[in-house]
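What the coordinates show
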Amino acid sequence: QVQLVESGGGLVQTGGSLRLSCAASERTFSTYTMGWFRQAPGKEREFVAAIRWSDGNTYYADSVKGRFIISRDNAKNTVYLQMNDLKPEDTAVYYCAARNFYDSSYYSDQHYNYWGQGTQVTVSS
């Protein structure tokens, strides 16, 4: 069973930066898409960003465009989320997601079949 191992969360002040990493535990995992979702207390899990493995096309939620950058390292089966200009409303548990099949949808958590354990990001005002 493939596991997604996340790292990089923490506490940061408003305007600061953090970088999240997520690695698939098996190098032979056939990645189609990897992405990030987040869930704040009392709210539903929401899409943050995704990257298509074949060509590197990226997709972002409007709330993070221009501030967050998703990237990948194909050789390491690892996805990164560089988060800049962080705001208190970015505070949430961030989850890495992946799928090993083709799907044209990127924004719904229903379209991913592997999930990380989550990492807390807290932005203080």
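Look above for the structure.
First things first, this report covers the structure right here in the doc.

What counts, and at which threshold
- Residues numbered from 1 in each chain as written.
- Predicted model: local features only at pLDDT ≥ 70, side-chain atom pairs only at ≥ 80, totals over all residues.
- Heavy atoms only, no water.
- Disulfide = S-S within 2.5 Å.
- Helix = DSSP H or I, 4+ residues; strand = E, 2+ residues; numbered from the N terminus.
- Buried < 20%, exposed > 50% of the residue type's maximum accessible area, 1.4 Å probe, protein only.
- Pairing = 2+ DSSP bridges.
- Axes fitted to C-alpha atoms, helices over the stretch in contact; angles between N-to-C directions.
- Polar contact = N/O pair within 3.5 Å; in protein donor to acceptor, adjacent residues only side chain to side chain.
- Contact = heavy atoms within 4.5 Å.

1. A word on the state of the cysteines
Taken as a whole, this structure holds one disulfide when the rule is applied. Each disulfide pairs two cysteine sulfurs, and for Cys-22 the partner residue is Cys-96, the sulfurs being separated by 2.0 Å. Taking the sign of the S-S torsion, about -80 degrees here, the bridge from Cys-22 to Cys-96 comes out left-handed. Of the two residues, Cys-22 is situated in strand E3 (residues 18-24) and Cys-96 in strand E9 (residues 92-99); the sequence distance between them amounts to 74 residues. A single burial state applies to Cys-22 and to Cys-96, both of which are buried.

2. Concerning the pairing of strand E4 (residues 33-39)
E4 sits mainly inside the fold: six of its seven residues count as buried. Two strands pair when backbone bridges link them, and E4 and strand E5 (residues 46-52) are joined in this way by six bridges, in the antiparallel orientation. Of the residues in E5, the one forming a bridge with Met-34 is Ile-51. Relative to E9, E4 is paired through seven bridges, and the arrangement is antiparallel. Bridging across to E9, Gly-35 finds its partner in Ala-97.

3. Here we look at the sheet that holds strand E1 (residues 4-7)
The sheet built from four strands is open, its strands ordered E1-E3-E8-E7 with antiparallel pairing. Where the open sheet ends on each side, the last strands, each with one partner, are E1 and strand E7 (68-73). Averaged over all neighbouring strand pairs, the angle between strand axes comes to 15 degrees, with direction disregarded. In terms of strand pairing, E1 meets E3 through four bridges, oriented antiparallel. By the bridge assignment, Leu-4 is partnered in E3 with Ala-24.

4. Considering the side chain of Arg-38
Locating Arg-38 in the fold gives a position in strand E4. A distance of 2.6 Å separates a polar atom in the side chain of Arg-38 from a polar atom in the side chain of Glu-46. Among the polar contacts made by the side chain of Arg-38, one reaches the side chain of Tyr-94 at a distance of 2.9 Å. When sequence neighbours within four positions are dropped, the list of residues in contact with Arg-38 reads Glu-44, Arg-45, Glu-46, Val-48, Ser-63, Val-64, Phe-68, Glu-89, Asp-90, Ala-92, Val-93 and Tyr-94.

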